[in-house]
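Coordinate analysis (summary)
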Amino acid sequence: MQAATDDYPDALVLGDRLLVEIDGDEDPAALESTEYFAPVLGVVSLPGTGQEFLDAAVAHANEKLQGTLGANLLIDPATEKALGSGFERALTALHYGSIAINGWTAFGFITPTLTWGAFPGGTIDDVGSGIGVVHNALLLDRVERSVLRGPFRPFPRSLPVANGGGRLTILPKPPWFVSSRTGAAVSEGLTRHRADGGAVGLVKTLMRALRA
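Summarised in this report is the structure supplied together with it. (Residues numbered from 1 in each chain as written. Predicted model: local features only at pLDDT ≥ 70, side-chain atom pairs only at ≥ 80, totals over all residues. Heavy atoms only, no water.)

Section: the sheet that holds strand β8 (residues 146-149)
Heads up, the condition is: The pairing criterion for strands is at least two bridges between them, as found by DSSP. Runs of H or I in DSSP of at least four residues are treated as helices and runs of E of at least two as strands, each being numbered from the N terminus. With axes taken as lines fitted to C-alpha atoms, and helix axes fitted only over the stretch in contact, angles between N-to-C directions fall between 0 and 180 degrees. Whether two residues are in contact is decided by their heavy atoms: any pair within 4.5 Å suffices.
Taken in spatial order, the 3 strands line up as β4-β5-β8 in an open sheet, and their pairing is parallel. The open sheet has two edge strands with one neighbour each: β4 (70-73) and β8. Taken over all neighbouring pairs, the strand axes of this sheet differ in orientation by 15 degrees on average, direction set aside. Where β4 and strand β5 (residues 98-101) come together, 4 bridges link them in parallel fashion. Across the sheet, N72 pairs through a bridge with A100, a residue of β5. Relative to β5, helix α5 (residues 85-93) is tilted by about 150 degrees, and along the sheet it contacts β4, β5 and β8.

In C-alpha cells, the structure reads:
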C-alpha cells in the first residue's frame, strides 16, 4: 500500500483501499508493472467503443501489463451479441493462461479439470508468470489457456427476454458475487464435491446456491 501511495500520491484512499485513476499525462508504468499484492485498484482509460475498445484493451493487456496468469472480462449479453465473432477473435488474441468471462479466474484455479499457468512463452532466462501448467486433470497436451464463463446476471434476470437477447443461463447467483448470502457455504460444498464426489452433497450445495 505504501509503495502504491508513493507511486501515486494523488490516489483516492477509501478506508484501507486505494483507487488509482490515471489522468492526463500521469505515467501508468508503475501501476502496470508492479504486483502490489494489496487492495489497490488501478484504472486506465482507453479510447474507442465496441469492437474498437475491446481490441485496444486486449492490445494494452498484452503489451503493457506485467504477467500473463489471469484476465477477467466483464461484458453484458447484448454487447457480446452485437460484437458477434469479434468477441471470440478478441479472446483468441488475449494472451493469458486463464480467462474468466463474467467470472473470477480463481475458479479456474480451483477447478481440477482446467489448467492453471501462464500463457506459453516463458523461458528459463525470462520466466515471467511461470512455465507450464498445473491441475489439468484431463491430461490434455500443449494447452494454451483455459476459459471459463459465468452469468452477467443470475437467473431469472439471465433470461434472454430480460437481458437483451443474450446467452441463457439457469445459474443462480454465483458464490463470487459480493451479494451472495451463501457464497462461503457454496464454495465449501463445491470443493468437497470435487474431493469426495457423491450426489447428496452436491444437491445440498445446489440448494444452498438457490438461497444466495
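A few points about the side chain of E32
Inclusion rule: In this scheme, a residue with accessible area under 20% of its type's maximum is buried, one over 50% is exposed, and one in between is partly exposed, where area comes from a 1.4 Å probe on protein chains only. The charge count treats Lys and Arg as positive and Asp and Glu as negative. His and the chain ends do not count. Salt bridges are counted wherever a side-chain nitrogen of Lys or Arg sits within 4 Å of a carboxyl oxygen of Asp or Glu.
Here E32 lies in helix α2 (residues 29-33). For the buried E32, no salt bridge is present, and the opposite-charge side chain at shortest range is K64, 6.1 Å distant.

A word on unusual backbone geometry
Positive phi, close to 50 degrees, is recorded for N102, a residue that is not glycine. Relative to the assigned elements, N102 resides in the loop between β5 and α6 (106-110).

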